[in-house]
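Topology and contacts: notes
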Amino acid sequence: MTAASQSTTLALRGPDAGTARTALLFAVGLAVAGAAPFALYPVFVMKVLCFALFACAFNLLIGFAGLLSFGHAAFFGGAAYVTAHSVKVWGLPPEAGLLLGVLAGAFLGLIFGVIAIRRQGIYFAMITLALSQMVFFMALQMKFTGGEDGIQGVPRGVLFGIFDLTQPLTMYYAVLAVFVVGFALIWRTVHSPFGQVLKAIRENEPRAISLGYRTDRYKLVAFVLSASLAGLAGGTKALVFQLASLTDVQWQMSGEVVLMTLLGGMGTLFGPVVGAGLVVTLESYLAATSLPVPVVIGAIFVVCVLLFRRGIVGEILARLPGAR
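What this report covers is the structure whose coordinates are included nearby. This one's a predicted model, so the numbers in the text were calculated from it and none came from an experiment.

Rules and cut-offs
Residues numbered from 1 in each chain as written. Predicted model: local features only at pLDDT ≥ 70, side-chain atom pairs only at ≥ 80, totals over all residues. Heavy atoms only, no water. Axes fitted to C-alpha atoms, helices over the stretch in contact; angles between N-to-C directions. Helix = DSSP H or I, 4+ residues; strand = E, 2+ residues; numbered from the N terminus. Left-handed = near helix turned anticlockwise from the far one by under 90°. Contact = heavy atoms within 4.5 Å. Nonpolar A, V, L, I, M, F, W, Y, C, P; charged D, E, K, R; others polar. 1 Å grid on protein atoms, 1.4 Å probe; cavity = no way out; pocket = protein on both sides within 12 Å on 5 of 7 lines; lining within 4 Å. Points joined across faces, edges and corners; volume = space filled by probe spheres on them. Salt bridge = Lys/Arg side-chain N within 4 Å of Asp/Glu carboxyl O. Buried < 20%, exposed > 50% of the residue type's maximum accessible area, 1.4 Å probe, protein only. Expected span 1.5 Å × (residues − 1). Disulfide = S-S within 2.5 Å. Parallel < 35°, antiparallel > 145°, perpendicular 65-115°, else oblique. Core = buried A, V, L, I, M, F, W, Y, C linked by side-chain atoms within 4.5 Å.

**Looking at the packing of helix H5 (residues 94-116) against helix H9 (residues 215-241)**
Direction vectors running N to C along H5 and H9 enclose 145°, while the axes themselves pass 7 Å from each other. Crossing of H5 over H9 shows right-handed handedness. Together, Pro-94, Leu-98, Gly-101, Val-102, Gly-105, Ala-106, Gly-109, Leu-110, Phe-112, Gly-113 and Val-114 of H5 and Leu-220, Phe-223, Val-224, Ala-227, Ser-228, Gly-231, Leu-232, Gly-235, Thr-236 and Leu-239 of H9 make up the contact between the two elements. Class assignment for the residues of the contact of H5 with H9 results in 13 nonpolar, eight polar and no charged.

**Let's talk about empty space enclosed by the protein**
Applying the stated criterion across every chain, the model contains one cavity of 30 Å³ or more. Here the largest cavity defines a volume of roughly 30 Å³. Contributing to the lining of the largest cavity are Leu-49, Cys-50, Leu-53, Val-175, Val-178, Phe-179, Ala-233 and Thr-236. Elements represented by at least two residues in the lining of the largest cavity include exactly helix H3 (42-62), helix H7 (168-190) and H9. Looking at side-chain class alone, the lining of the largest cavity contains seven nonpolar, one polar and no charged residues.

**Considerations on the pattern of salt bridges**
Under the counting rule described, the total for this entry stands at four salt bridges. A salt bridge links Lys-219 to Asp-216; its shortest N-O distance comes to 3.8 Å. Note that Lys-219 and Asp-216 are positioned in helix H9 at a spacing of three residues, about one turn of the helix. The class for Asp-216 is partly exposed, based on a relative accessible area of 35%. The partner of Lys-237 in a salt bridge is Asp-248, with the nearest N and O atoms 3.0 Å apart. Taken as a pair, Lys-237 in helix H9 and Asp-248 in the loop between strand E4 (243-244) and helix H10 (251-264) lie far apart in primary sequence, eleven residues in all. We classify Lys-237 as buried; its relative accessible area is 12%. A single salt-bridge network, built from bridges that share partners, covers Glu-205, Asp-216 and Lys-219.

**Digging into H3**
Given 3.6 residues per turn, any residue in an α-helix points the same way as the ones three and four places further on. Along its 21 residues, H3 runs 30 Å from first to last C-alpha, staying within 8% of the 30 Å computed at 1.5 Å per residue. Burial analysis of H3 places 19 of its 21 residues in the buried class, which makes it a mostly covered element.

**So, the state of the cysteines**
One pass over the structure, following the stated rule, counts zero disulfides. Free cysteine: Cys-50, not disulfide-bonded; nearest cysteine sulfur from Cys-56 at 12 Å.

**Thoughts on the environment of Leu-225**
Mapped onto the elements of the fold, Leu-225 is located in helix H9. Taking the C-alpha atoms as reference points, Leu-225 and Ile-186, 39 residues apart in sequence, are found 9.1 Å from one another. Residues contacting Leu-225, with those up to four places away along its chain left out, are Leu-60, Leu-185 and Thr-189.

**Describing the packing of H7 against H9**
Closest axis-to-axis distance for the H7/H9 pair is 11 Å, and the angle between their directions is 175°. Between H7 and H9, the interaxial angle falls into the category roughly antiparallel. Contact residues: Met-171, Val-175, Val-178, Gly-182, Leu-185, Ile-186 and Thr-189 in H7; Leu-225, Leu-229, Leu-232, Thr-236, Leu-239 and Val-240 in H9. Each residue belonging to the contact of H7 with H9 can be placed in one class, and the counts come to ten nonpolar, three polar and no charged.

**Thoughts on the nonpolar core**
Ranked by internal contacts, the top residues of the largest apolar core, which has 84 residues, are Phe-51, Phe-54, Phe-75 and Tyr-172. By residue number, the principal contributor to this core is H3, which donates 17 residues. Residues in contact with Phe-54, not counting those within four places in the same chain, are His-72, Ala-73, Phe-76, Ala-230, Ala-233, Met-253 and Val-257.

Shown next as structure tokens:
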């Protein structure tokens with residue numbers, strides 16, 4: 001039996017080891033996040049949480065299903081526009097706006113997936129990029145998006161008719177709750193039988209097919225789920241910054257989430273969170289200097305790729321006792 005076959009069989013047997021360690025890290029991280037707004041600027045931490053959820057959603061696709069998408073900005077930005085428009089123009093409450101954003105991300109993900117899922121490798125990535133650019137030009141031309149001005153002055157509203165999101169701390173803990181729900185869904189997906197099949201497809205798709213799994217269906221479901229969570233992140237960001245703009249649907253946004261995932265550690269649960277925190281922190285603090293932000297981040301990325309082939313979290317986990 002080849003090494004690839006052995007890893008595929010292990011992926012089909014059950015969840016990875018280290019669940020207790022993951023739960024402990026999550027509890028510690030949750031405690032730190034709960035205290036963060038008292039030590040840091042709340043809007044900055046909310047931005048980190050939004051992009052962390054976005055990166056985790058992308059990692060579900062590339063890290064556990066082995067599908068590289070260059071079109072995730074379409075789900076992130078498209079949901080931001082839908083949430084912003086529904087809250088500002090239609091007067092819907094924020095929870096309804098977020099739900100519509102998630103549905104918009106899922107709908108776009110279904111369309112993208114049906115078209116691209118039968119291709120692999122660079123062909124799959126290029127199809128998602130092309131479709132994402134189509135969404136960008138639609139956002140540029142359609143009236144409801146506001147064109148180059150975007151949708152500004154989006155009201156945060158009152159969540160469930162109880163929580164006033166105009167209060168910074170209330171908004172922060174609402175964003176934290178959204179992140180926790182999204183992260184928990186990803187964790188449950190990864191450690192479910194469905195998640196184990198995704199890992200098997202990533203490791204050895206022909207063997208998974210020989211075992212009777214309809215891999216295209218599994219990949220399509222994973223794609224739609226990833227797009228839905230990316231939409232949740234985009235809709236949340238639109239409420240935090242009260243803005244939906246073309247920046248959210250540009251191809252650079254797709255590249256940025258790839259960078260976050262690779263820096264933190266592809267295929268790990270906490271890697272995208274660390275990568276998102278690192279990139280957002282660098283962008284925020286370097287913006288006040290005369291240094292070229294993309295060049296600095298690019299140099300850090302090159303160093304990390306050379307020294308940490310598995311990403312920051314991936315290298316740490318690889319050096320822990322008992323790690324595979």
